[in-house]
Every structure is written in C-alpha cells, then in structure tokens.
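# Analysis of the macromolecular model
Take a look at the letters that make up each chain.
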Number of protein chains: 6
Amino acid sequence: MMTSQTQNPFYLAEMTWPQIEDYLKNKDSILLPVGSTEQHGPTGLLGIDFLTAFDISMAVSQKTKTLVGPVLPFGMALHHMAFPGTLTLTPTTYIKVLVELIESLQKHGFKKVWVINGHGGNIAPITTAFCEFLNFDQKMDLQLINWWHLEEVTLYEKEVFADQNGFHATCGEISTTMYTHEEVYKRNPQIKLQEPGAKKTTWPLSPLEFRKHFPDGRMASLPSLANAHHGKIIFDKAVDSIVRKIHK
Amino acid sequence: MMTSQTQNPFYLAEMTWPQIEDYLKNKDSILLPVGSTEQHGPTGLLGIDFLTAFDISMAVSQKTKTLVGPVLPFGMALHHMAFPGTLTLTPTTYIKVLVELIESLQKHGFKKVWVINGHGGNIAPITTAFCEFLNFDQKMDLQLINWWHLEEVTLYEKEVFADQNGFHATCGEISTTMYTHEEVYKRNPQIKLQEPGAKKTTWPLSPLEFRKHFPDGRMASLPSLANAHHGKIIFDKAVDSIVRKIHK
Amino acid sequence: MMTSQTQNPFYLAEMTWPQIEDYLKNKDSILLPVGSTEQHGPTGLLGIDFLTAFDISMAVSQKTKTLVGPVLPFGMALHHMAFPGTLTLTPTTYIKVLVELIESLQKHGFKKVWVINGHGGNIAPITTAFCEFLNFDQKMDLQLINWWHLEEVTLYEKEVFADQNGFHATCGEISTTMYTHEEVYKRNPQIKLQEPGAKKTTWPLSPLEFRKHFPDGRMASLPSLANAHHGKIIFDKAVDSIVRKIHK
Amino acid sequence: MMTSQTQNPFYLAEMTWPQIEDYLKNKDSILLPVGSTEQHGPTGLLGIDFLTAFDISMAVSQKTKTLVGPVLPFGMALHHMAFPGTLTLTPTTYIKVLVELIESLQKHGFKKVWVINGHGGNIAPITTAFCEFLNFDQKMDLQLINWWHLEEVTLYEKEVFADQNGFHATCGEISTTMYTHEEVYKRNPQIKLQEPGAKKTTWPLSPLEFRKHFPDGRMASLPSLANAHHGKIIFDKAVDSIVRKIHK
Amino acid sequence: MMTSQTQNPFYLAEMTWPQIEDYLKNKDSILLPVGSTEQHGPTGLLGIDFLTAFDISMAVSQKTKTLVGPVLPFGMALHHMAFPGTLTLTPTTYIKVLVELIESLQKHGFKKVWVINGHGGNIAPITTAFCEFLNFDQKMDLQLINWWHLEEVTLYEKEVFADQNGFHATCGEISTTMYTHEEVYKRNPQIKLQEPGAKKTTWPLSPLEFRKHFPDGRMASLPSLANAHHGKIIFDKAVDSIVRKIHK
Amino acid sequence: MMTSQTQNPFYLAEMTWPQIEDYLKNKDSILLPVGSTEQHGPTGLLGIDFLTAFDISMAVSQKTKTLVGPVLPFGMALHHMAFPGTLTLTPTTYIKVLVELIESLQKHGFKKVWVINGHGGNIAPITTAFCEFLNFDQKMDLQLINWWHLEEVTLYEKEVFADQNGFHATCGEISTTMYTHEEVYKRNPQIKLQEPGAKKTTWPLSPLEFRKHFPDGRMASLPSLANAHHGKIIFDKAVDSIVRKIHK
C-alpha cells in the first residue's frame, strides 16, 4: 500500500508536538508551501501548483533542516473556474486563511515564515495577507518565494523553452512535475500538442472570458517541449536557490 | 527521490481538466478529505487527522472509482493551540472555506460530495457549512463521514482498547497511522507511555485550560496499546464501510 | 390586560442593574434560553422551540435561584424556510450573535453560561460559537443543554410515543406546549392527523427539498398522540434534570 | 404555572404555518417588535425596551388583526455595557440580524414590515439595515416606529414630566412598565430617587465614560415621578397612534 | 495648469508628517469631511455632497487653525443608484471605512474628530460607526456635523426658499455650489426647471422605486430658485456656525 | 475664495446625472484615481499619492475626453502608521471599497475602468479586488495603471536621479508635486536633506519596524534633488503615456 508517508524528518505533519517544542529551542523558521488546484491545459495536472510547492519545500526542508508545514492545496483560482476540476477560494477568504495560519505559527514562537508558493494568482492575496497581519507592533519575518520566479529558474526556462514556455501551463512547471510525477504522466492520456496556446491578451479576465480567450486553458505555452530531464534541472535549481536564500 | 506522487488514477490533483470533464459525463460524486494539523499527545503525529482522512479516501477512491480531491490539512483546532505545531483556522473562516470548495464543485456539475473527515473538532463547523450552503433552492447531496465514528471501527476499537482508547490521540487513530506511516513511527523518538492520559473533564475548554487539564495532550488514551496490526484492521474496516455506503 | 410580565424574581429582564450587581457578588452563572421560530407541522406552534426553552428555563431559574436572560427567539432554521412563518438567521450571523452575548456576560463577570436550547438546528452553530469564543486564554464555562435530548426526557418519549415521536414536530415538544400553552391549542384550528409524517430521508436538505420530502413539515411524527398530560410530565422531567445538573 | 402563553390569536409564535399561509392570502404586513436588554437606572427594568415594544405590538396586533412576530430582545446597547445586566450586539451584527429577518419575511411574501422599536440606540442601525436591504430592485415597505417618539406620547410626557422625563430611564418608559409589569415593580426593591439623573453631556460616549458621566445610569430623569396611571395613558396613546398609522 | 493645490496651511494632505507631529504637541482635534457622489437632479452636480463638505471644512480649518483631512467622496447612496454617475458603498463597508479612519487618527494621538458631513444618507451609518468604535474603554470625542442641518442654515433656507427648498437636490445645496463652483454651473447645460420635484412619499425606497417616484431625481425642490448670492450667505453661515462650535 | 472647483468638463463630480447618461451613449470608460494619505519623509506631502493620481487623471481626462471620477484619498498604508498623519484602511476593507465602486460603475453601464494609482502599497489589494470582482460570468475591462511605473517615467527618473530616486518619498513623486503644488512647497518649512534615506532592507515590515529601519520615513531617496522642472517633465510623460494607452 502506498500512503502519504514521507521520508523527511522535518515534516511537521509527521512529527509530534514535543519534537516541535524541541525544534523551537534552537530555530524559529518554517516553510509553508501553498499552491492551487486548477486546470493546467490539456496535459498538465490540476495539482501542479501545490504539488511542486510541496515537493520543492520538502527537498529544501531536508537540505536545510528547516521545518516544513503541510501544503495548502487551495488558492485563488477564480479565473480558471470555467475548467472542470478547478477549486478556488475567494481572495478574501484566502487572505483570512493565510493570516490565521501565520497567527497560529506566531503563537508557538515562530519568527520567520517562508511561504513557498506555486501559483501566480496567489501573489496578490498573499502579499495582501502579509500586510493585514503586520499590524502596528507585530514582529514577524514573512518571506514569499514564488519558485518559478527565481532567477536561475527563469533563466533556464528562457534558454530551453524561449517564447514557448508561455504564461500558464508552462513548459517549466509541466517539466517539473514530469520529473516528480513521472508515473502519473505515463498513466494519463498521451496527448501531443502541436501548437502553442493562445497568446496573452488583456488581463484580468473572468472565468468565462478566460475560457473564451484560452480555449484549452494554456496561455502561449507548448507543453510538448516539456520533459522530465528539464524538470529535474529546474527542480534542483529551485531547491538550490531557496536553500541559498535560507543560508544567507 | 520520494515525491508526493500517488498511484491513484482517480486523484483529481494528478488528473487533467479534460479527464474531469469526461468523468462528469458518467458520474457526479467526489470525495473531499478534510482533517487538521494538531497535537496528538507525546507520540502521535501532528498530521494524524488529515493523513488518515487522505489515505482512507484514496483507498476508497480506488476501490469505487470515485474522484478524490486534495486533502484540506487545516481545520478547527483552536482548543489544541497551547501545544506547539498545532495550526488552526477560526471556525468562521473554516466554514467559509468549506462553502467555497463546495461552490466550486457545484459550478462544475458535481451533485454529491462525500466529506471524509478525520477530526472531531471539525464536525460542528462542517455541519454548519452544509446549512450555510443549502440555501433555499440549492440542490446538493452533502454527506459527512467521520471515519472513526463508523460503526465497525468503533466496535473494533472498543473490543481491543476498551476504555484506554480515549478521546483524543486515541489508540485507534495512532494505530492507523502506525500502519500507514510505519517508517515515520520508527524514526521518531521511542516513548513508552505507562499511564493513560487525564480523564475527560468539563467541555469545551480554551487552549490554556486544555493544556492545564491534559498536560501531555492525550485525553484518557494509552497510545502504547496502539500498533500497526490493529491499524491495518481499523484502516480496512473504515475503507470498507465507506465503500459500502457509496455502493448503496 | 395580559402582558409579558412574569412571576420569576430571577428573570434578568424584570430586574434592575443594581440587582444584577448584587447577584454577581454571590453567584456567577446564568441561564440563556435560545430557540427558533419555525414551522412545526400542521398543528405545532411556530414558536415551540423558543417557548419551551424559555418556559423550562424560567422554571429552572426559580427552583435554583439562578438568573435567566431573555430568550433569543431566532435561530438557524434555513431548512424550514419553505414553510411560511419560519424566520431564520444564517449560521454565520447566529454564531456572531451568540459570541457577542457571551462576551457581554463575560464583561459583567459571569463565569458560567447554561445555554438552554430548544432547536436541533442550533446545535452545530452553538457548538461552533463556543469554540469561536474560547480563544487562547479565555476562561468561561459554557454548557449547552438541549432539553429534548436529556436522558429522562428521551426515555419517557420513547416509552409513550415510540417510533411515532418522530424527528421534527415531535409528539414530545407538541405535548410540552399543549401543557404550557393549553389555551392556544384550544383556540387554534382543531386538526386530527391520522398518519405519521414522511419518514426521514437523506440529510441535510435545502428548504425546497425539505418541503418536497416532508410536505406538511412533520418528520415521521404523529402529533395526534400528543397531549397536555404527557406534556406536564416531560416538562417536569426536563426541569428536574437541568436542576440536578446545576446542583451537581 | 404561569407560562409565556398569550391571548393574541395574531401572535406568529403561537400559530401554525398553515395559519400564516392563510393570513398571507389576504394581508401582507407584519409587526416586528425590537428592543434591548440594558440598564435603566436604579429602578427601571433591564428589559424595558423590549418589554414595551412587545406589549405595545401585541395590543396593536389584536386591535388591527395584524400578525406580530416574536420580539428581538437584544439590540445595540454598547454604551450601557458598564452596567451589569446589559447585553449587547455590535451594530454590524445587529444590522445583519435585521436584514436576515426581513429577508425571511420577504421569502414568505410579506410586503410591509412595521418595526416597532423600544430603544433609541437601535435607530441608526435599523435605518442602516433598511438601506442595506433595499438594494437595487428590491420592493419592501419598511416602516420604523419608535414608540416613545410618537407625537401624542411625547406631548403627554412633556406635559406631565416636563424636563424631568429625561433622556434615558425616562419617566415615560418606566411608567409604561409600571402599568404593564405592576407586580414586578412591587416585588423589586423600593427605591425613592430624590434628584434627577445627571444632565446630558457630550455624545456619543464609550461605556466607561457613560458610567462616569451618569453614575447611576439615568440621564436627567427623575423616575420617582413615574406611576402606573401615567403608564396606562402613555401605553394607550402609543397603541392608538400606531393603530391609526396602520389604518391609514 | 490648474491642480488640486489649495491655500490652506492646515490641510493635512499638503503637510508633512513632522508638521503633524508638531501640531499634535498643542492640539488634538481634526476635521474629517465626508460626502457622497450621487445624482442631484437635472441641474445639481453629482459631487455636491462632498464638494460642500470639503470647501466648508477648508474654510473652517483656516479660520480656526484646525487640521483638516482629505475628503471621503464616497458614501451611502444606494437609493440613488438608478441614476447614472452615482457611486455608493454598502452601509456596512462605509461603517468599516469610518471606523478605520478614526482608528488611524487615534493611533496618532488625536482626541477629537469633527466629521463634517454633506449627505443625509450618511447620518445613520456614521452614527453607527461611532457606536462601533466606542467600545468599552475607548476615549474619543466624535462629533458629527451635518452642515445643512445647522440652525442658521435651515432658518435662512426656510426664509428664502420655503417649501420649494425640498429634500434632495435642495435649493440650499445647489446655491452653495453655485457660489463655490460658479464656472462649473456656467459651463454645464443651462436648464430651467419650472416645477418643483415630486413630493416626498413613503420612505425608505430602493433605487428603482426611488426613480419611479422621483423621475428626475429631485425631491420636492425647485432648483431654479437657487443662486450664488444665496449660496454665499449659506456657505458663510455654515462656516461660522461650525467655527463657533469649535471655539466653544 | 479658492474652492475645489476645477476646469475639467469631464470631471464626474462637477457634472449632472443627465450628462453622464449622455456620455454613456457614446463611451463606456472612466478613470478612477486612487492613492493614499501617508508620510513621505521630512519634506514630501502626506497627500502625494492621491494628489498626483488625481492631477494626472484630470489631465488625461481632458486630453482624451474620458470621464474621471473623484479620487479615493485613502488606501493601504498600514506600514506607514508609525508616522503621524498617515491614514489607512485595512487591506480587506480597501478591497471591499474598490469592489463596490466597480459594481456601482457596472450598474450604470461602464465597461472599462482605468484605475490610476499613485501608491505602491495599493497594488496587491487592487489586483486582489479585480479578482474578487471578476467572478464567473462578469464582463468588465479593469486596467490598473501605476503612474510611477510607466516606462517613460522610470527611464527619466533613473536618468536624472539614479540610485538616489529611492523607493519611498522618491525624488520623482516629490518633483511631480513640486510642479503641481509649487506654492505649497514654498509655504512649508524649507528643509535641506544632505543624505539619502536608509537603504532598503527586509520586507514587509510592520509600522514600528518600518520607523525603526527608516527613521525619517524615506527609503533610500534624496528629495533635495527634486524640483518642479523635473516634476513637469515627469508629469507630462505620465499623462502622455496614459493618453497613448487609452488611444490604443
């Protein structure tokens, strides 16, 4: 039986409260992976954004011996709601959730939270949540890392995918999950996309307008360029970049 | 590298939106696992409630070919907040989150949601969220399953653990995760508890009162009775009970 | 002229603030009756849930010299909204109301609140409100009593009404108000129901579905079995049970 | 046994849903009494505002054969919170409650709601709630009646109490309840106030400032001038004024 | 180029934070002008309510050397929403905005806020916001001034416009802006209204009902009686009245 | 007397509702200027962000004959709250305000809103508000323009101020208001800053941390480099850039 069991001794969900109490005697930082459950074109997984955030965070956690929390798999994906399988919170609710998770961490004595984010639509509400939390005399070091925006990652993606990386269901994120979820891509239907998705247009769009402009969900990307080899490189670059930021 | 990859072809996060569109042509139900991240005594994992909800839901999903969504790992755990590692939403926010996830599912055409719950503190807010959602002319079949309350599960737990199963950090839930997360329990500190946790008292309690009454977090349970053998039996009984409900 | 005047010297609404100040020098508990205004089948009164909660609380108050607050006559009755006369709050608003009433009591120094509830649909939101209130370092003893769930009451109702007590507009609650509101039942239309209401079905239901499944509002009950004699016994059992809990 | 039973065949709480359904075939208006539970000086009852609203509404209901709902006994009494026994909702919650009650009435087909109010502090939030409800294409006739502001009432109070009627715990409202709650005033402590309460000052005030400025809770009133004789006249004038408005 | 530059050295928006810090060493009061953006009949400006509140506040500020904040141009104008150009907040949001602005002022040490209001529809929510803010142990002197309700203003308007002043788009407020915005009225279309607007009717009304009852937006007013001469007198009377209140 | 009167015939506040009705027959776009009231170092005006947004929007409006709404002078400035004079909304309230203003515009038939923003802290909540509004089947073209981010503006500022432009209280925004508010800068205290403000550090910061890191409020800027000459060029570049976007 395969279960949700992991091999990371710094994964909060697989630890006990006395272990967290011990951890807090020496360290005060934690990784909080967040993503989204939303369409990623005809071939990309609905869970890409939270699966990558979680897998990258787990690798960073092990390399830096930093605690990592459970992944929040639901984010702000309203604009993808015309594609079945997308699950979304409203921005206001998402902000409340983030503020309350940070408050929980603060109560226990954490002083630094690395929010490792896998979804572009989350950036504005996460930034907003940080402001909402940091009222008057609060003290908390809140760092947002959008892994696909890390310099090394964008440089590599530009080099190998150029313009066909696209803006949603990108070759980069699909490659990353082809590496981490190799068997899944094998068992899923094999679809060969020949043309990149529709070009980016006016923004923002409501769900119905989004589907009208981007009928298969991709935004300018050509996922057939994606593969597990690139995925491993991107994954490692993302992990290493974050590790360096933590060690700084 | 171990990743979050699973082997369940009905796990929404590892599927594409066209696959969900296809699924909805024939079926309209989905499993939504929810739990909590909260202390479970000196030996139990912080993630027990969502790990069990997820692992049980995944097994049910495979046996019944029913779609299963990502697990919501955060719930209503305010009363455990005096123990480090517990992460909680306020009940009001938790209700909003549930309502919005159900709304997302409804938009796509789902007609039946099985909320598979692993945490007692979630029951009141989930029930409340169902009411909040079912306004006037809504139509949605919302079923809450608290896996540890299933008749076969409670009968077995009573038989093997009797009074020492307890009310929180129970032998039953710890056994279940000793089965699903065997390696985790091996790598974690080995603690032998000789006495059951403090007896149940007045209820409800605030976080500080809770810790005062139940200093190590357990409520009347003696987790040293737990083991993976019992865990497998409980796990299978929970899965089979839910499968039968779905097939009914 | 008949007015809302009562004979209970411990009814807060008929006392002055200096009397409450005096009371708080010796005691710190209060009864807070809550109910609902909702359909109770073709013969039951719309106010049954709050009238019983209030009348029972008043009797308990006099017997125990415990302060009793005004009754909150509106609760969570969304599912009854397809029947005219039902008035409801959304669960979220109802939770806010309860939290703010408890906060008011706390400000004055009350340490124990007995919420005497007459409506099943209120249980989840009241429980949720208790959690919402009991944040971190609060101290407040919050006790929910659903009078029709008291052991002596259920035993008696089972004995005299068996399966025909039903789940809504029960013989038990109608009997109770036939005792407390004898003249009202005499002046209201005399309707003889021959068959029990529709059997319980899937749950929860939206208002329109509820009315479709339970066309006259009753759930499996046969109110023609109800009478004031049973009502007096039930009423007294409820009062005595609560009095014993308070004296414990 | 005295219970909450009344003699008004138009009291919604003592009617059944089919009776309301019948009523709505011919009429579409309802009286909704609202008040507050708050200090009324050393001699006035905490429930004055809702008891008067309810008793007056019941009399109006019988005379006009207009349906009357249960009384909402809690209102906006934040500024009285430094006196024990006062129970308050925040204005925002109170507005939500009112909007939801009006929505409930609208769902059943009511077209006119007479909110019969007994408390000055409720006026702004009730007015606000009416605006909140009357969004764009709504149609609902919402009438707020503050009974103590009715012209005949104020003229009479001015005539008999002059300046000593005051602004809170007024001779007028205390007289009214001395008429409706005669036995209560007899059983309560007999206190003879010789001087009127402190004069009105800057406004609004927070709870602590209020108690500082008005140490015994009265605002410029001399309740020893109150009696049941005046109360009967005031009560009748209030009832007759509202009856005339309804018949207009 | 004409810009938003003013000549008032006490206008907070044109000062620096060290200047405010200095001001607070000697004084602790501030003027906060608030209004609305809403239709004012066929000839009145949409901004009348906030333009008058701002211009009057600025004049008062200069005469009394009292700080004046920026004007909040949006208020509670739901009932005017059937006329293009009206912009509104819901009452609940408007209350939140006011409470947060007062909180900001309190944090800096202001002890007295004169809210100078130009719109009738704001009165109930502003009053409500004051209550919401003045929780328990707050200390803040909050004064609402509705400039058109000032005694000298109403007396003069009654004298010169009598019944034709009306209730909305009044001769008084249009005169005032004909004085302050003379060139604007010259460049706008010249419309001569011969008849007063429709008489006042039942109240409150939803937007669509409002437009049905008052087809051109005026309520009983005859704006052709308005002129800059009256406007100057009204403006000066409003300013002088407020100045006197501040100097008291 | 100087008043708030302007010379722009397309300024909504100085128009009548029939003029807006006419405008909407031919055009459906509007400019909505938004800013903040917050500290801008020892010499910058507290109103810079909304004054520039308004003055730039008014110039754009005249050049393009596009309607412009009143400016919202309050935004998300929590992090500046340790400096007197700053007024802020919480992000959540600010989002609600924006959504309701856009809803108002939509009700009247506007199809395109250009939000002209003068404050960096508003970007995340405005973006979030756009998402919140664009639910499912909405149709609305929402464009956010942060004027100081326009390419021509940033290029010029880099050229003339280089690194000393800074990140808050920048030479660019102070120059712009030295041009639009020349007399104000002359009448305000003349302060010569010799050194740039403290360098940028970790981000985000709470108010107290902000003031600790940036004691005089500037972030790396040297405002003594600012002057009205540069201001005119920057102002014109901003206006021209936006005009071009609108004409595109």
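Above this text you will find the structure in question.
In this report, the structure presented in the accompanying data block is examined. (Residues numbered from 1 in each chain as written. Chains lettered and ligands numbered in written order. Predicted model: local features only at pLDDT ≥ 70, side-chain atom pairs only at ≥ 80, totals over all residues. Heavy atoms only, no water.)

### As for the overall build of chain A
Helix and strand counts for chain A come out as nine helices and four strands. Counted from the first residue to the last, chain A has its helices and strands arranged as α-β-α-β-α-β-α-β-α-α-α-α-α. The C-alpha atoms of chain A give a radius of gyration of 18 Å, which matches the 18 Å a tight globule of 248 residues would have. For the C-alpha atoms alone, the extent of chain A along its principal axes is close to 55 × 35 × 35 Å. Here the analysis covers contacts within chain A between residues at least 6 apart in sequence; of these, 76% occur between residues at least 24 apart. Between the centroid of the 23 positive side chains of chain A and the centroid of its 25 negative side chains there is a distance of 2 Å. (Helix = DSSP H or I, 4+ residues; strand = E, 2+ residues; numbered from the N terminus. Rg over C-alpha atoms; globule rule 2.2 N^0.38 Å. Contact = heavy atoms within 4.5 Å. Lys, Arg positive; Asp, Glu negative; His and termini not counted. Charge placed at Lys NZ, Arg CZ, Asp CG, Glu CD.)

### Things to note about the environment of Thr176 of chain A
All names here are of chain A. Within the fold, Thr176 resides in helix 6 (residues 171–180). Taking the C-alpha atoms as reference points, Thr176 and Asn8, separated by 168 residues in sequence, lie 20 Å from one another. For Thr176, the contacting residues outside a window of four places in its chain are Thr52, Trp147, Gly231, Ile234 and Phe235.

### Things to note about the pairing of strand 4 (residues 141–146) of chain F
Residue and element names in this part refer to chain F. In this structure, strand 3 (residues 112–117) lies alongside strand 4, joined through six bridges in parallel fashion. Each residue of the ladder has a partner; that of Trp114, found in strand 4, is Gln143. Regarding topology, helix 4 (residues 123–133) serves as the crossover connection from strand 3 to the parallel strand 4, and that connection is right-handed. (Pairing = 2+ DSSP bridges. Right-handed = clockwise from strand over helix to strand, strands pointing away.)

### Details of helix 9 (residues 228–247) of chain B
Residues and elements named next belong to chain B. When the terminal C-alpha atoms of helix 9 are compared, their 28 Å separation across 20 residues agrees well with the 28 Å that a helix rising 1.5 Å per residue should span. Inspection of helix 9 places His230, Gly231, Ile234, Phe235, Ala238, Val239, Ser241, Ile242, Val243 and Ile246 among the buried residues, and these make up the whole buried set. Residues of helix 9 that are buried in the fold lie against strand 1 (29–34), helix 2 (48–64), strand 3 (112–117), strand 4 (141–146), helix 5 (151–161) and helix 6 (171–180). Looking at where helix 9 begins, the residue whose side-chain oxygen comes 3.1 Å from the main-chain nitrogen of His229 is Asn227. (Expected span 1.5 Å × (residues − 1). Buried < 20%, exposed > 50% of the residue type's maximum accessible area, 1.4 Å probe, protein only. Polar contact = N/O pair within 3.5 Å; in protein donor to acceptor, adjacent residues only side chain to side chain.)

### Considering the packing of aromatic side chains
Applying the stated criterion across every chain yields a total of 36 aromatic pairs over all chains. Measuring from centroid to centroid gives 5.5 Å for Tyr11 of chain F and Phe54 of chain F, while their planes differ by 65°, and the two rings are edge-to-face. Taken as a pair, Tyr11 of chain F in the segment before helix 1 (17–26) and Phe54 of chain F in helix 2 (residues 48–64) lie far apart in primary sequence, 43 residues in all. By the burial criterion, Tyr11 of chain F is buried, and Phe54 of chain F matches it. Over the face of the ring belonging to Phe136 of chain B we find Lys107 of chain D, whose NZ or CZ atom lies 5.0 Å from the ring centre. (Phe/Tyr/Trp six-rings, centres within 6.5 Å; stacked < 30°, edge-to-face > 60°. Lys NZ or Arg CZ within 6 Å of the ring centre and 35° of its normal.)

### Details of the relation of the copies chain C and chain D
If you rotate chain C by 180° and push it 0.0 Å along the axis, it lands on chain D with an RMSD of 0.0 Å. Here the copies are linked by what is in effect a two-fold axis. (Least-squares fit on C-alpha atoms with pLDDT ≥ 70 in both.)

### Side note on the arrangement of the chains
Considering only C-alpha positions, the minimal separation of the non-contacting chain A and chain D is 18 Å. Contact between chain B and chain E is absent, and the least distance between their C-alpha atoms amounts to 18 Å.

### Description of the packing of helix 6 of chain B against helix 9 of chain B
Residue and element names in this part refer to chain B. With their axes 7 Å apart at the nearest point, helix 6 and helix 9 run at an angle of 100° to one another. In terms of orientation, helix 6 lies roughly perpendicular with respect to helix 9. Counted together, Gly172, Ser175, Thr176, Met178, Tyr179 and Thr180 of helix 6 and Ala228, His230, Gly231, Lys232, Ile234 and Phe235 of helix 9 form the full contact between these two elements. Of the residues in the contact of helix 6 with helix 9, the class split is five nonpolar, six polar and one charged. (Axes fitted to C-alpha atoms, helices over the stretch in contact; angles between N-to-C directions. Parallel < 35°, antiparallel > 145°, perpendicular 65-115°, else oblique. Nonpolar A, V, L, I, M, F, W, Y, C, P; charged D, E, K, R; others polar.)

### A word on the side chain of Asn146 of chain C
Residues and elements named next belong to chain C. Relative to the assigned elements, Asn146 resides in strand 4 (residues 141–146). At a separation of 2.8 Å, a polar atom in the side chain of Asn146 contacts the side chain of Asn117. Dropping the residues within four chain positions of it, Asn146 is found in contact with Asn117 and Ile123.

### As for the sheet that holds strand 3 (residues 112–117) of chain A
All names here are of chain A. An order of 2-1-3-4 is seen for the four strands of this open sheet, with the pairing classed as parallel. Lying at the two open borders of the sheet, with one neighbouring strand each, are strand 2 (67–68) and strand 4 (141–146). In this structure, strand 1 (residues 29–34) lies alongside strand 3, joined through six bridges in parallel fashion. Residue pairing in the sheet places Leu31 in a bridge with Trp114 of strand 3. In the packing of helix 3 (residues 91–108) onto the sheet, the strands contacted are strand 1, strand 3 and strand 4, and the crossing angle to strand 1 comes to about 160°. Lying on the sheet, helix 9 (residues 228–247) is in contact with strand 1, strand 3 and strand 4; it crosses strand 3 at an angle near 165°.

### So, unusual backbone geometry
For the bond from Trp203 of chain C to Pro204 of chain C, the omega torsion is 0°, close enough to zero to count as cis. Along the chain, Pro204 of chain C turns up in the loop between helix 7 (182–187) and helix 8 (207–213). Of note in this structure, Lys65 of chain A is not a glycine but carries a positive phi near 50°. Looking at the secondary structure, you find Lys65 of chain A in the loop between helix 2 (48–64) and strand 2. For Lys65 of chain A, a relative accessible area of 53% corresponds to the exposed category. Positive phi, close to 30°, is recorded for Phe136 of chain C, a residue that is not glycine. Relative to the helices and strands, Phe136 of chain C is located in the loop between helix 4 (123–133) and strand 4.

### With respect to the interface of chain C and chain D
It is common to report an interface's size as the accessible area lost on association of the parts. With 71 residues of chain C at the contact, the number on the chain D side is 70 residues. Buried area between chain C and chain D, summed over both chains or domains, comes out near 5900 Å², and the portion from carbon and sulfur atoms is 64%. Linking chain C with chain D are four salt bridges, by the criterion used here. A salt bridge links Glu21 of chain D to Arg211 of chain C; the shortest N-O distance between them is 3.4 Å. Here chain C and chain D share 40 residue pairs in polar contact (both at pLDDT 80 or more) between them. (Buried area = accessible area lost by both parts, 1.4 Å probe. Salt bridge = Lys/Arg side-chain N within 4 Å of Asp/Glu carboxyl O.)

### Some words on the sheet that holds strand 4 of chain B
All names here are of chain B. Spatial strand order, 2-1-3-4: four strands in an open sheet with parallel pairing. Both edges of this open sheet fall to strand 2 (67–68) and strand 4, since each of them pairs with a single strand only. On top of the sheet, helix 4 (residues 123–133) reaches strand 1, strand 3 and strand 4; it is set at about 180° to strand 4, its chief contact. Across the sheet, helix 9 lies against strand 1, strand 3 and strand 4, angled at about 165° from strand 3, the strand it touches most.

### Topic: the pairing of strand 1 of chain A
All names here are of chain A. Buried residues dominate strand 1, accounting for six of its six residues. Of the two faces of strand 1, the one carrying Ser29, Leu31 and Pro33 and the one carrying Ile30, Leu32 and Val34 are both buried. The pairing of strand 1 with strand 2 spans two bridges and is parallel. Across the sheet, Leu31 pairs through a bridge with Val68, a residue of strand 2.

So far we have only geometry, and geometry alone does not tell us how the molecule works.
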